[in-house]
Amino acid sequence: MAWSDKSHPHRLLLTKQFPLGLEVLPVFQPVMRAANRIWNSCVWHSRETFRQENRWPTEAELKAKFKSFAAWKELHSQSAQAVVEEYFEAVSAYRKHRENGHLEMNSPGFKPKNHLRTVTWKRQGFDVDGSALVLKLSRGKEPVKVALPEGWNVVVLPDGTEVKGVPVEVKVKAVVRRREVENLVLHVTLDLGVVPVNQVGAVSAYDYNSATFARAVSSGRLDLFVCRELLSLVQYRNKTIAGFQEKMSRLKEGSRRWRRCLSAKIRKLKKLDRRIRQMEHSLTKLFAELDGAEGVAFAVVGDLTDLRRSARTGMKSRKATQKINQMAYDRLRQEQRYKNLVRGVQTDPWTERNTSSTCCLCGARNPAWRRHRGLWVCGECGLVLQADLNGAANLLKQYLFGACRNRALSFTFREVRVWRWDGKLNRFVQVSPRAA
Ligand SMILES: [Zn+2]
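- Per an unreviewed UniProt entry, the recorded name for the protein is Transposase IS605 OrfB, and the organism is Ammonifex degensii.

Laid out in structure tokens, this is it:
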């Protein structure tokens, strides 16, 4: 398994990038092409197995099958295995989407013969030699030595401290624009160890929604983040994909017009993705900065594995589910987690059960009190609050006391701060509460 936040949740892992220049292309090209051949073999073999036996082959089956292939012997054995693992992950994601009713998804497909596939070196696949990395190829082949600049393994945390990391995974990626290879980039994932975190402090809770994100802190702070711009970008992205899919379905697959359409789609999506990612980063950075500045020890986020978002909001229709699933909640959470961690704040997922149907002030529960336009109007104590803020406050209560129902709030809330995206400044700024 690859080193990731998922496999090592309490450690800080960061990836640094180093452009290598095109001079090294002749060195890496054969390796990347070999990786591509392994990928295509995976696709071919899996489709054959599915056609003949109506099942997908297992990861071990694929690895055993390709061991004798010439392409396999070009790479370090772990790098070759990594390709199969990536393919397997892609197939699993595809099957999961199909099960969830996304029938428009295509299974992972063949890549063109000259495609430069990203190659991964795992822990045993490389050595550190001073400020150079020695990337191993298959046994008997000369390894590739890559010199890195001074301080390549040092990361500066927001408070100014320098931490030296241990490289745990290395990747070489090709940057391709308009079918031209522009550069090769080395991605080095550094393990910065277990970061010292605040042991004592406030607790903040976050309610992730599509158009608004809410924050409640045990100090009585309430924050509302208006993310309509982000949501509309995500929706526009989905619309763009659907538009291209419609257009391409009328063209012959592989034809010149079809290929032109495909590259236009990729260009357009890359551009949109950059804007979406920038907004997401800005949002999670703001969360982490607020938590860091207010001395928060634990940031609580809803546990998404606990219950489905559609059930939570009471919207059951297919359209509503689509709308809910558009935001990349998982990615946002990953970003918030590491941005928190470098500031000494731990992130803790917690159950969201009943948080949207309970009054945070008096603890009475009634799903009908969540009114239209996202307002919570309590029929018991008369509290009127933005519904997502009510949800965040309940998540905070749930984390602090174990349950949010039948329990009055033990502290009072201050006035709500409202934040929204400023397109000119390219970040979220505080606005007057009336603007929301
Ligand atoms: Zn109430």
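Having put the structure on the table, let's press on.
### Concerning the nonpolar core
At step 1: Within the largest apolar cluster, 50 residues are counted, with the highest numbers of intra-cluster contacts made by F28, I38, W121, L133, L135 and L186.
At step 2: The element best represented in this core is helix α1 (residues 25-53), accounting for 10 residues.
At step 3: Counting residues in each nonpolar core, the second largest holds 28 residues, with Y206, L272, I276 and V345 among its members.

### Here's the deal with the UniProt feature "domain: Cas12f1-like TNB" (unreviewed entry) in the protein
At step 1: The UniProt entry lists residues 329-395 under the feature "domain: Cas12f1-like TNB" (unreviewed entry), expressed in the numbering used here.
At step 2: The span residues 329-395 shows a helical share of 33% and a strand share of 19%, and its end C-alpha atoms are spaced 17 Å apart.

### Observations regarding the packing of helix α4 (residues 228-249) against helix α5 (residues 256-293)
At step 1: One way to put it is that α4 packs onto α5 with a least axis distance of 10 Å and a crossing angle of 170°. Compared by their axis directions, α4 and α5 come out roughly antiparallel.
At step 2: Taken together, the residues that form the contact of α4 with α5 break down as 15 nonpolar, 1 polar and 8 charged.

### Notes on the coordination of the zinc ion
At step 1: Coordination of the zinc ion by the protein involves C359 (SG), C362 (SG), C378 (SG) and C381 (SG), with metal-donor separations of 2.2 to 2.3 Å.
At step 2: Around the zinc ion sit 4 donor atoms; with metal-centred angles ranging over 106 to 113°, the donor geometry is tetrahedral.
At step 3: Along the chain, the residues donating to the zinc ion fall in the pattern C-x2-C-x15-C-x2-C. Highlighted residues: C362 in the loop between β14 (346-350) and β15 (370-371) and C378 in the loop between β16 (375-377) and β17 (384-386), separated in sequence by 16 residues.

### Let's talk about unusual backbone geometry
At step 1: The phi torsion at N54 lies on the positive side, around 55°, for a residue other than glycine.
At step 2: You can see N54 is positioned in the loop between α1 and α2 (59-66).
At step 3: Exposure remark for N54: the relative accessible area of 59% places this residue in the exposed category.
At step 4: Its identity is not glycine, yet N406 carries a phi of approximately 50°, on the positive side.
At step 5: Here N406 lies in the loop between α9 (387-401) and β18 (416-422).

Cut-offs applied
Residues numbered from 1 in each chain as written. Predicted model: local features only at pLDDT ≥ 70, side-chain atom pairs only at ≥ 80, totals over all residues. Heavy atoms only, no water. Core = buried A, V, L, I, M, F, W, Y, C linked by side-chain atoms within 4.5 Å. Buried < 20%, exposed > 50% of the residue type's maximum accessible area, 1.4 Å probe, protein only. Helix = DSSP H or I, 4+ residues; strand = E, 2+ residues; numbered from the N terminus. UniProt positions renumbered as here; feature names shortened; annotations may be inferred. Axes fitted to C-alpha atoms, helices over the stretch in contact; angles between N-to-C directions. Parallel < 35°, antiparallel > 145°, perpendicular 65-115°, else oblique. Nonpolar A, V, L, I, M, F, W, Y, C, P; charged D, E, K, R; others polar. Donors = N, O, S within 2.8 Å, 3.2 Å for Na, K, Ca; no water. Tetrahedral: all angles 85-135°; square planar, octahedral: opposite > 155°, others 65-115°.

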